[in-house]
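Below are the chains, spelled out letter by letter.
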Amino acid sequence: GAGVSQSPRYKVAKRGQDVALRCDPISGHVSLFWYQQALGQGPEFLTYFQNEAQLDKSGLPSDRFFAERPEGSVSTLKIQRTQQEDSAVYLCASSPSASRDTQYFGPGTRLTVL
Amino acid sequence: GNSVTQMEGPVTLSEEAFLTINCTYTATGYPSLFWYVQYPGEGLQLLLKATKADDKGSNKGFEATYRKETTSFHLEKGSVQVSDSAVYFCALSDLELSFGAGTTVTVRA
């Protein structure tokens, strides 16, 4: 079956622009996570959804970052007024349940802010 | 809070050599432990996992045992192949995943 998909795969933005990154999780998966992976580092947690509810956004680095999952499936991560330090790979993962289950990752969106 | 420390790389090996990547963790509860792998040009894939103490996860010839007494989850493979060249991440889950920094492994023919 289809895995987690993300679009776009690559995004170049000028500093100060707004960007929107999309995640299509595996159909029927309850949980959805966003992570940020800087070059040469492990992914860092940003935010977590259980269905349409955003239950944890403690990892969002600033109020310029906003995520939503309005119908409990597709999710969008929006970054307003992008800064150079936002350059990273943004990973989306989904899992079937609301417990500590295996997470399935998408290919990521590589964001470069010039 | 939760954290993972794994062996720094890069690691370069010859084919058929023994591979071990050390991973230790700090956690307040009883997390599940994972090894994820990222092959060149691909996304993160689950390699193996263990959900409780003394569990052994295994896949593709790799093994790791959840050791609560030493808070460790070291990854091992007895005979590596060129196709094992990748970045390996140790992670723990108390719902969201906490990852180590990753270890780059290169296997030479």
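For the structure given in this document, a descriptive report is provided here. (Residues numbered from 1 in each chain as written. Chains lettered and ligands numbered in written order. Predicted model: local features only at pLDDT ≥ 70, side-chain atom pairs only at ≥ 80, totals over all residues. Heavy atoms only, no water.)

### Let's talk about the overall build of chain B
Here is step 1 of the chain: When you go through chain B residue by residue, the secondary structure sums to zero helices and twelve strands.
Here is step 2 of the chain: Ordered by position from N to C terminus, the α and β elements of chain B give β-β-β-β-β-β-β-β-β-β-β-β.
Here is step 3 of the chain: Here chain B has a C-alpha radius of gyration of 13 Å; the compact-globule value for 109 residues is 13 Å, and the two agree.
Here is step 4 of the chain: Overall size of chain B, expressed as C-alpha extent along the three principal axes, is 40 × 25 × 20 Å.
Here is step 5 of the chain: If you take every contact in chain B between residues at least 6 apart in sequence, the share linking residues at least 24 apart comes to 54%.
Here is step 6 of the chain: When the accessible surface of chain B is totalled, it reaches about 5,100 Å², and 46% of it is carbon and sulfur.
Here is step 7 of the chain: Side chains of chain B carry 8 positive and 12 negative charges; the gap between the two charge centres is 4 Å. (Helix = DSSP H or I, 4+ residues; strand = E, 2+ residues; numbered from the N terminus. Rg over C-alpha atoms; globule rule 2.2 N^0.38 Å. Contact = heavy atoms within 4.5 Å. Areas by Shrake-Rupley, 256 points an atom, 1.4 Å probe, with all protein chains shown as cover. Lys, Arg positive; Asp, Glu negative; His and termini not counted. Charge placed at Lys NZ, Arg CZ, Asp CG, Glu CD.)

### Quick look at the interface of chain B and chain A
Here is step 1 of the chain: At the interface, 19 residues of chain B touch 20 residues of chain A.
Here is step 2 of the chain: Of the roughly 1,500 Å² buried where chain B meets chain A, counting both sides, 55% is carbon and sulfur surface.
Here is step 3 of the chain: The three residues of chain B that bury the most area against chain A are Leu44, Leu95 and Glu96 of chain B, which together make up 36% of that side's buried surface.
Here is step 4 of the chain: Inspection of the region where chain B meets chain A yields zero salt bridges.
Here is step 5 of the chain: At the junction of chain B and chain A, the tally comes to four residue pairs in polar contact (both at pLDDT 80 or more).
Here is step 6 of the chain: Of all elements in the fold, only strand E5 (32-38), strand E6 (44-50), strand E10 (86-93) and strand E11 (97-99) of chain B reach the threshold of two or more residues within the side of chain B that touches chain A. (Buried area = accessible area lost by both parts, 1.4 Å probe. Salt bridge = Lys/Arg side-chain N within 4 Å of Asp/Glu carboxyl O. Polar contact = N/O pair within 3.5 Å; in protein donor to acceptor, adjacent residues only side chain to side chain.)

### Observations regarding the state of the cysteines
Here is step 1 of the chain: Scanning the model with the defined rule gives two disulfides over all chains in all.
Here is step 2 of the chain: Disulfide partner of cysteine 23 of chain A: cysteine 92 of chain A, at an S-S distance of 1.8 Å. Because the sign of the S-S torsion sets the handedness, a value of about -65° for the bond joining cysteine 23 of chain A and cysteine 92 of chain A places this disulfide among the left-handed ones. Pair noted here: cysteine 23 of chain A is in strand E3 (residues 19-24) and cysteine 92 of chain A is in strand E9 (residues 88-95), with a separation of 69 residues, a long-range link.
Here is step 3 of the chain: Residue cysteine 23 of chain B pairs covalently with cysteine 90 of chain B via a disulfide, S to S 1.9 Å. For the disulfide bridge between cysteine 23 of chain B and cysteine 90 of chain B, the dihedral angle about the S-S bond is near -70°, and by the sign convention the bridge is left-handed. With a gap of 67 residues between them, cysteine 23 of chain B in strand E4 (residues 23-26) and cysteine 90 of chain B in strand E10 connect regions that are remote in the sequence.
Here is step 4 of the chain: Residue classification places cysteine 23 of chain B among the buried positions, given a relative accessible area of 1%.
Here is step 5 of the chain: According to the relative accessible area criterion, cysteine 90 of chain B is buried, its value standing at 1%. (Disulfide = S-S within 2.5 Å. Buried < 20%, exposed > 50% of the residue type's maximum accessible area, 1.4 Å probe, protein only.)

### As for the layout of surface pockets
Here is step 1 of the chain: Quantified by volume, the largest pocket comes out at close to 720 Å³.
Here is step 2 of the chain: Around the largest pocket, the lining is made up of 39 residues, and of these Gln37, Leu39, Val89 and Arg110 of chain A together with Gln38 of chain B lie nearest the centre.
Here is step 3 of the chain: Secondary-structure elements contributing two or more residues to the lining of the largest pocket are E9 and strand E11 (109-113) of chain A together with strand E1 (3-6), E10 and strand E12 (103-108) of chain B.
Here is step 4 of the chain: Split into classes, the residues belonging to the lining of the largest pocket amount to 18 nonpolar, 17 polar and four charged.
Here is step 5 of the chain: Considering only enclosed or pocket space, the second largest pocket measures out at about 210 Å³ in volume.
Here is step 6 of the chain: Every residue lining the second largest pocket is counted, 15 residues in all, and those nearest its centre are Pro43, Glu44 and Phe45 of chain A together with Ser98 and Phe99 of chain B.
Here is step 7 of the chain: Those elements that place two or more of their residues in the lining of the second largest pocket are strand E5 (44-50) of chain A together with E1 and E11 of chain B. (1 Å grid on protein atoms, 1.4 Å probe; cavity = no way out; pocket = protein on both sides within 12 Å on 5 of 7 lines; lining within 4 Å. Points joined across faces, edges and corners; volume = space filled by probe spheres on them. Nonpolar A, V, L, I, M, F, W, Y, C, P; charged D, E, K, R; others polar.)

### Section: the pairing of E12 of chain B
Residue and element names in this part refer to chain B.
Here is step 1 of the chain: Only one face of E12 is buried, namely the one carrying Thr103, Val105 and Val107, since none of Thr104, Thr106 and Arg108 on the opposite face is buried.
Here is step 2 of the chain: Both strand E2 (residues 11-14) and E12 contribute to a ladder of four bridges, which runs parallel. Residue pairing across strands places leucine 13 opposite valine 107, the latter belonging to E12. (Pairing = 2+ DSSP bridges.)

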